[in-house]
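# Working through the structure, step by step
Residues per chain are reported as follows:
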Amino acid sequence: MSLTAKDKAFVKAFWGKISDQADAIGQEAVGRMLIVYPQTKIYFPDWTDFSLDSPQVKKHGKTVMSAITDAVGKMDDLIGEMSSLSDLHATKVRLDPVNFKILSHNILVTLAVHFPTDFTAEVHVAVDKFLAAVSAAIADKYR
Amino acid sequence: MVVWTDQERAFIQDIFSKLNYEDAGPELYCRVLIVYPWTQRYFGGFGNLYSAEAIKSNPMVAAHGIVVLHGLDKAMKNMDDITVLKGLEKALKNMDNIKNTFTALSELHSEKLQVDPGNFQLLGDCLTVVLARRMTTDFTPDIQAAWQKFLSVVISALTRQYY
């Protein structure tokens with residue numbers, strides 16, 4: 001389900017609107033994920049605080065969302081541009097691929113909460129496809 | 001057997017009490033047909049679904065969304081009752097016996113409508129987004145967790161007769 005020119009345009013335009021809140025969105029998306037899908041906590045065995053305001057959640061949310069914001073500018077070659085992140089996830093993180101969908105879903109929910117008017121059906125499908133493409137790029141080196 | 005805490009029941013009932021079915025129903029189905037276009041295969045008799053604009057102004061799409069929400073509402077209202085009813089509103093009304101409440105609906109979806117059960121999750125995800133848009137910051141992570149648990153029980157009940 002490759003990204004069309006229209007999808008890329010929608011994603012870029014929408015990201016222009018949300019980018020100054022990107023860190024907070026990342027924090028909330030990760031926070032929601034840990035509460036709604038508690039099994040995801042297994043990837044953070046050394047964390048002490050899984051609440052929404054936790055500094056650990058805040059930092060991780062920022063890390064993830066910065067990479068995704070970065071990917072907005074790399075949509076023409078996500079697999080190539082995200083190659084080193086893919087290596088990291090394949091060899092060190094070894095995140096089960098099912099979790100890409102889980103985090104993506106929580107990003108969509110967070111976007112819907114904070115941008116209810118801008119998050120139209122057309123933006124929804126474009127962003128969903130974009131997150132799926134990013135996930136595929138990250139999982140590219142898995143096997 | 002599904003165990004619901006008092007807080008989870010309260011969260012789910014609160015969501016339905018604030019939900020405007022006539023408004024949210026149409027939005028739900030529009031989103032499903034636009035975000036997951038392959039779902040259009042089940043709505044051959046709905047007429048023009050060729051563009052986002054056509055879908056948004058299609059009265060059959062709007063009507064179907066409302067039907068689906070009433071079905072969920074029943075599940076909420078029958079949380080403690082064994083009566084067999086119709087529609088999704090049942091799930092809300094039958095929270096303690098969603099499995100049996102949905103026997104007939106599950107058979108309908110598997111044998112007559114032949115809906116791929118994967119679609120129940122897609123519709124559930126879209127409905128979660130619709131709720132998030134409408135409730136904004138009131139859709140807290142704890143409420144989201146209770147809501148998604150409710151959805152997963154409904155989806156499991158709807159999928160039950162497929163095997």
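In this numbering scheme, every chain counts its residues from 1 along its sequence in written order. As they are written, the chains are lettered A onward and the ligands numbered 1 onward, keeping that order. The predicted nature of this model means local features are confined to residues of pLDDT at least 70 and side-chain atom pairs, given and counted, to a pLDDT of 80 or more, with totals for whole chains, interfaces and linings taken over all residues. Just so you know, side-chain values use all the structure's heavy atoms and leave hydrogens and water out.

### With respect to the overall build of chain B
Only runs of H or I of at least four residues qualify as helices and only runs of E of at least two qualify as strands under DSSP, and these elements are numbered from the N terminus. Counting secondary structure elements, chain B contains eight helices and one strand. Here the C-alpha radius of gyration of chain B, 15 Å, is about what a compact globule of 163 residues would show, namely 15 Å. Referenced to the eigenvectors of the C-alpha coordinate spread, the extents of chain B come out at roughly 45 × 40 × 20 Å. Here chain B holds 163 residues, and 55% of them are scored as buried. For chain B, the accessible surface area stands at approximately 7,500 Å², while carbon and sulfur atoms represent 56% of it. Both definitions apply: the radius of gyration is a C-alpha atom measure, and the globule rule equals 2.2 Å times residues to the power 0.38. Throughout this description, buried means an accessible area under 20% of the type-specific maximum (1.4 Å probe, protein chains only), exposed means over 50%, and partly exposed covers the range between. The method behind every accessible area is Shrake-Rupley, applied with a 1.4 Å probe, and residues are considered shielded solely by the protein chains displayed.

### So, the overall build of chain A
A count of helical and extended segments in chain A gives seven helices and zero strands. The order of helices and strands in chain A, counted from the N terminus, is α-α-α-α-α-α-α. In summary, chain A has a C-alpha radius of gyration of 15 Å against a globular reference of 15 Å for 143 residues, a match within 12%. The C-alpha extent of chain A, read off along each of the three principal axes, is 40 × 35 × 20 Å. Per-residue burial for chain A yields a buried fraction of 46% across its 143 residues. When contacts within chain A are restricted to residue pairs at least 6 apart in sequence, long-range pairs at least 24 apart make up 76% of them. Any two residues whose heavy atoms approach within 4.5 Å at even a single point are treated as in contact.

### As for the packing of helix α5 (residues 83-93) of chain A against helix α7 (residues 121-139) of chain A
All names here are of chain A. Here, axes are lines fitted to C-alpha atoms. For helices the fit covers the stretch in contact, and angles between N-to-C directions go from 0 to 180 degrees. The contact between α5 and α7 brings their axes to 7 Å, and the two run at 65°. With respect to α7, the axis of α5 lies roughly perpendicular. Here Leu 85, Ser 86 and His 89 of α5 lie close against α7, whose contacting residues are Ala 137, Ile 138 and Ala 139. Residues belonging to the contact of α5 with α7 are distributed by class as follows: four nonpolar, two polar and no charged. Angle categories: roughly parallel below 35 degrees, roughly antiparallel above 145, roughly perpendicular from 65 to 115, and oblique for all the rest. Under this grouping Gly is polar, as are all residues other than the nonpolar Ala, Val, Leu, Ile, Met, Phe, Trp, Tyr, Cys and Pro and the charged Asp, Glu, Lys and Arg.

### Observations regarding the confidence of the model for chain B
Residue and element names in this part refer to chain B. pLDDT is a residue-level measure of predictor confidence that goes from 0 to 100. Predicted confidence across chain B gives a mean pLDDT of 85, with 92% of residues reaching 70 or more. Of all helices and strands in chain B, the one with the weakest mean pLDDT is strand β1 (residues 89-91) (69), whereas helix α7 (residues 118-135) scores best (95). Scored below 50 in pLDDT, residues 79-87 shows 35 contacts in the model against residues more than four places distant or in partner chains. Here the predicted complex carries an ipTM of 0.92, next to a pTM of 0.90.

### Overview of helix α2 (residues 21-35) of chain B
Three- or four-residue spacings in an α-helix give side chains the same orientation, since the helix completes a turn every 3.6 residues. Residues and elements named next belong to chain B. One less than the residue count of a helix, multiplied by 1.5 Å, gives the span that helix is expected to have. Under the 1.5 Å per step criterion, the end-to-end length of α2 is 20 Å for 15 residues, consistent within 8% with the ideal 21 Å. The buried fraction of α2 is high, at 13 of 15 residues. Pairing of N or O atoms within 3.5 Å defines a polar contact, subject to two protein rules: one partner must be a possible hydrogen donor and the other a possible acceptor, and residues neighboring in sequence count only if both atoms are side-chain atoms. By the N-cap criterion, in which a side-chain oxygen at the helix start approaches the backbone nitrogen of a residue two or three places on, α2 is capped by Asn 20, the distance to Glu 22 being 3.1 Å.

### Some words on the interface of chain B and chain A
The interface is formed by 23 residues belonging to chain B together with 22 residues belonging to chain A. Two parts lose some accessible area (1.4 Å probe) when they are put together, and adding that loss for both gives the buried area. Buried surface at the junction of chain B and chain A, summed over both partners, amounts to about 1,800 Å²; 64% is from carbon and sulfur atoms. Counted as salt bridges are all cases of a side-chain nitrogen of Lys or Arg within 4 Å of a carboxyl oxygen of Asp or Glu. If you look at where chain B meets chain A, you find one salt bridge. Measuring nitrogen to oxygen at the nearest pair gives 2.9 Å for the salt bridge that ties Glu122(A) to Lys56(B).

### A word on the state of the cysteines
Residues and elements named next belong to chain B. In this description, a disulfide is simply a cysteine sulfur pair whose atoms lie within 2.5 Å. Evaluated as defined, the whole model comprises zero disulfides over all chains. Cys 30 takes part in no disulfide bond, and the closest cysteine sulfur, belonging to Cys 126, lies 10 Å away. In this structure Cys 126 comes out as buried when scored by relative accessible area, which is 0%.

### Some details on the pattern of salt bridges
All names here are of chain A. A full pass over the atoms with the stated rule returns 14 salt bridges over all chains. Here Glu 28 ties to Arg 32 by a salt bridge, and the two come within 3.0 Å at their closest N and O atoms. Remark: Arg 32 and Glu 28 occur in helix α2 (residues 22-36); sequence separation between them is four residues, near one turn of the helix. For Arg 32, a relative accessible area of 2% gives the class buried. A salt bridge links Lys 141 to Asp 87; the nearest nitrogen and oxygen atoms lie 3.2 Å apart. Here Lys 141 is found in the segment after α7, whereas its partner Asp 87 is found in helix α5, with 54 residues between them in sequence. For Lys 141, a relative accessible area of 34% corresponds to the partly exposed category.

### A few points about helix α1 (residues 6-18) of chain B
All names here are of chain B. Here α1 contains 13 residues, and its C-alpha end-to-end distance of 18 Å stays within 8% of the 18 Å for a straight helix at 1.5 Å per residue. All of the buried residues in α1 are Glu 8, Arg 9, Phe 11, Ile 12, Ile 15 and Phe 16. Buried positions in α1, seen along its axis, are confined to an arc of 165° and lie on one side of it. Of the exposed residues in α1, the ones pointing more than 90 degrees away from its buried face are Asp 6, Gln 7, Ser 17 and Lys 18. Contact partners of the buried residues in α1: α2, α4 (59-77), α7 and α8 (141-159). Within this analysis, the arc is defined by the directions that extend from the helix axis to the C-beta atoms.

### Observations concerning the environment of Ser2(A)
Residue position: Ser2(A) is located in the segment before α1 (5-18). Residues Ser2(A) and Ala133(A) lie 131 residues apart in sequence; the distance between their C-alpha atoms is 7.4 Å.

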